2 protein chains.
Amino acid sequence: MSNKRTRDRIVEEADQLFYQQGFEHTSFAQIAEALGISRGNFYYHFKTKDEILDAVINYRLTRTHAMLEHWEIEGATPLDRIRSFINILVMNQAKIKQHGCPVGTLSMELTKLNHSSREHANKLFTLFRIWLSRQFEQLGHHKHADELAMHLLSLSQGVATLYSAFQDDEFINHEAARIQDWLSAIATQTQTQQEKL
Amino acid sequence: MSNKRTRDRIVEEADQLFYQQGFEHTSFAQIAEALGISRGNFYYHFKTKDEILDAVINYRLTRTHAMLEHWEIEGATPLDRIRSFINILVMNQAKIKQHGCPVGTLSMELTKLNHSSREHANKLFTLFRIWLSRQFEQLGHHKHADELAMHLLSLSQGVATLYSAFQDDEFINHEAARIQDWLSAIATQTQTQQEKL
DNA sequence: GCCATTCTAGGACAACCATCCTAGAATAAT
DNA sequence: ATTATTCTAGGATGGTTGTCCTAGAATGGC
């Protein structure tokens, strides 16, 4: 079954193009041309464009989930794991500079389109949120774990957007370092609390 | 000349619709219908859709500029003025919940569209940036004024995006308060520095 | 009141879009 | 080898888009 192969290729190409150009601005013809397949062939694998979008979101959910799990397995401390998350800003610097945060930009676009897959796309945010929340819990911040997770998501989201707008390399590196410092303070704060007990 | 009237009405309606639905997803027909004028009539006032976009951006620049100037005139301290900026999150809460930050979402959309007015739209960010930078300077942070301005822009941008995604009222109020606290710390820090001198 | 300018209406146009359809190629099952 | 299934190609369709064009209405100056 070369079925799987073509279907996956469509999803992967759509994933890239949706990120680079946005969902609405990407047409079937473009994806088809990029893959060297015919437009009509699409409709064997996906009945509608929305179906491709959902497949792309699932693809991203799977990959993100795998990444987060990989970080957990590596036997590092929760602090290290959160640092890995913050480092996404630096690791994906080039792409963020060009196309912003893939999670945030898709979420915003689907919001404007009043698209039915909006909530599905927001699960990407939730995935990070829950994972981060768990890490903060393991750091000892049981009460404010979710709050800290949301705050960290906010921070990186804002940095990604402004970096994409101003394209200032110094800015993103400085902000990434700043967030790491913030995290250090959080971690110290925990230790102090633990010493009290 | 009722010319002015119609032209302005187009810009104002386009401003709203671009914010609510995005630039690309808003059609001439929609704007025309909302205003009760004919499609063809558009092309007397604007030769292309991009021209409307530029007019909308200028409109926003003017209004934002006026708002910032108004804050300066009111005879408050720079600290109060920055607090006014942070309070945008609370004041425009309902709109941000539905459509995100008007500056950030337009900037991101035009980036994805590879649109020629991208830099024009980013001037909205620059307007806030320069204004905030000036306020921080007046607060005594001469060296890091721009850095603080960018940081504050990041913070509010991130909060707006996540609020729009999760629609959590508690979150935005908490984060707004948190940013105000951050600002208080910045202001205190200045005072300490000044006491040293 | 007449004329020039300014404005408006609405149809026509080509381009593009997502989607559908059908015929045939490739592949797998027997 | 033959049949059934899976996959692909590419044209056709109907709707929407931005843009253009022309005829006429409204308006202002004289």
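Numbers given for residues are sequential positions, taken from 1 along each chain in its written order. Ligands are numbered from 1 and chains lettered from A, in the order in which they are written. Note on the predicted model: pLDDT of at least 70 is required for a residue's local features to be given, and 80 or more for side-chain atom pairs to be given and counted; whole-chain, interface and lining totals, by contrast, use all residues. The side-chain values count all of the structure's non-hydrogen atoms but skip hydrogen atoms and water molecules.

The next point concerns the side chain of B:Thr64. All names here are of chain B. Think of it this way: any DSSP run of H or I at least four residues long counts as a helix, any run of E at least two long counts as a strand, and we number them from the N terminus. Mapped onto the fold, Thr64 is located in helix H4 (residues 49-73). Each residue's exposure class comes from its accessible area (1.4 Å probe, protein chains only) as a fraction of the maximum for that residue type: buried when under 20%, exposed when over 50%, partly exposed otherwise. Under the relative-accessibility criterion, Thr64 is labelled buried at 12%. In what follows, residue pairs with any heavy atoms lying within 4.5 Å of each other are defined as contacts. Sequence-distant contacts of Thr64, that is, excluding residues within four places in its chain, are made with Leu124, Leu127 and Phe128.

Our next topic: the relation of the copies chain B and chain A. Least-squares fitting of one copy onto the other uses the C-alpha atoms of those residues that reach a pLDDT of at least 70 in both copies. Taken as rigid bodies, chain B and chain A are interconverted by a rotation of 180° and an axial shift of 0.0 Å, the fit giving an RMSD of 0.0 Å. What the superposition gives is, in effect, a two-fold axis relating one chain to the other. For chain B, the smallest separation between a C-alpha atom and the rotation axis is recorded for B:Gly158, amounting to 1.9 Å. Taken as a fraction of all interface residues of chain B, those also at the interface in chain A reach 100%, which identifies the copy contact as same-surface.

This part is about the state of the cysteines. Our working definition of a disulfide is a cysteine sulfur pair at a distance within 2.5 Å. Under the defined criterion, the tally for this structure stands at zero disulfides over all chains. There is no disulfide at A:Cys101, and the cysteine sulfur nearest it, in B:Cys101, is 15 Å away. When its relative accessible area of 16% is taken as the criterion, B:Cys101 is described as buried.

What follows concerns the interface of chain B and chain A. Buried accessible area, meaning the area lost when the parts come together, often serves as the stated size of an interface. Counting residues at the interface gives 44 residues for chain B and 44 residues for chain A. As a working definition, buried area equals the accessible area (1.4 Å probe) given up by two parts on being put together, with both sides summed. Of the roughly 3500 Å² buried between chain B and chain A, counting both surfaces, carbon and sulfur atoms make up 59%. Looking at the side of chain B facing chain A, the largest losses of area belong to B:Met108, B:Lys112 and B:Phe166, adding up to 19% of the total buried there. We count a salt bridge whenever a side-chain nitrogen from Lys or Arg sits within 4 Å of a carboxyl oxygen from Asp or Glu. Linking chain B to chain A there are zero salt bridges.

All names here are of chain A. Notably, Asn114 is not glycine yet its phi reads approximately 55°, a positive angle. Positive phi outside glycine occurs at Gln167, with the angle close to 60°. As for its placement among the helices and strands, Gln167 is situated in the loop between helix H9 (145-166) and helix H10 (169-196). Gln167 sits in the partly exposed class, given a relative accessible area of 30%.

This part takes up the nonpolar core. Nonpolar core, defined: a set of buried Ala, Val, Leu, Ile, Met, Phe, Trp, Tyr and Cys residues in which side-chain atoms within 4.5 Å join the residues together. Core analysis: the biggest nonpolar cluster contains 117 residues, and A:Phe85, A:Phe136, B:Phe136 and B:Leu152 have the highest contact counts within it. Excluding residues that lie within four positions of it along the chain, A:Phe136 makes contacts with A:Ile82, A:His141, A:Ala145, A:Leu148, A:Ala149, A:Leu152, A:Trp182, A:Leu183 and A:Ile186.

Attention now moves to the domain arrangement of chain A. Residues and elements named next belong to chain A. Taken domain by domain, chain A comprises domain 1 (1-47) and domain 2 (49-196). Residue ranges labeled as domains rest on an automatic or database domain assignment. Domain 1 and domain 2 are separated by 27 Å when their C-alpha centres are compared. Contacts between domain 1 and domain 2 engage 18 residues on the former and 19 residues on the latter. Both faces considered, domain 1 and domain 2 share a buried interface measuring about 1800 Å² in area, 68% of it formed by carbon and sulfur atoms. Looking at the side of domain 1 facing domain 2, the largest losses of area belong to Asp15, Tyr19 and Phe23, adding up to 42% of the total buried there. The tally of links from domain 1 across to domain 2 stands at one salt bridge. Asp15 is paired through a salt bridge with Arg60; the nearest N and O atoms lie 2.6 Å apart. Here a polar contact is taken to be a pair of N or O atoms separated by no more than 3.5 Å, where protein atoms must pair a possible hydrogen donor with a possible acceptor and residues adjacent in sequence count only if both atoms sit in side chains. Between domain 1 and domain 2 we count nine residue pairs in polar contact (both at pLDDT 80 or more) in total. Of all the secondary structure elements, the ones that give two or more residues to the side of domain 1 that touches domain 2 are helix H1 (3-21) and helix H3 (39-45). The dominant element in the side of domain 1 that touches domain 2, judged by the number of residues it contributes, is H1, at nine residues. Nonpolar residues are Ala, Val, Leu, Ile, Met, Phe, Trp, Tyr, Cys and Pro. Charged residues are Asp, Glu, Lys and Arg, and all others, Gly as well, are polar. Residue composition of the side of domain 1 that touches domain 2, grouped by class: nine nonpolar, four polar and five charged.

In this section: the packing of H4(B) against helix H7 (residues 102-112) of chain B. Residues and elements named next belong to chain B. To obtain each axis, a line is fitted to C-alpha atoms, and for helices this fit is confined to the stretch in contact; angles are then taken between N-to-C directions over 0 to 180 degrees. In contact at an axis separation of 13 Å, H4 and H7 are set at 150° when each is read in the N-to-C sense. Considered as vectors, H4 and H7 are oriented roughly antiparallel to each other. For the crossing formed where H4 meets H7, the hand is left-handed. Across the interface between the two elements, Leu53, Ile57 and Arg60 of H4 pack against Pro102, Leu106 and Leu110 of H7. By residue class, the composition of the contact of H4 with H7 is five nonpolar, no polar and one charged. Under this scheme an angle from 65 to 115 degrees is roughly perpendicular, one under 35 degrees roughly parallel, and one over 145 degrees roughly antiparallel; angles in between are oblique. Put simply, a crossing is left-handed when the front helix is turned counterclockwise from the back one by less than a right angle, and right-handed when it is turned clockwise.

What follows concerns helix H2 (residues 28-35) of chain B. All names here are of chain B. The set of residues buried in H2 consists of Phe28, Ile31, Ala32 and Leu35. Down the axis of H2, the smallest arc covering the buried residues is 100°, so these residues share one side. Gly36 sits one or two positions beyond H2 and adopts a positive phi of about 75°. Here the arc refers to the directions that run from the helix axis out to each C-beta atom.

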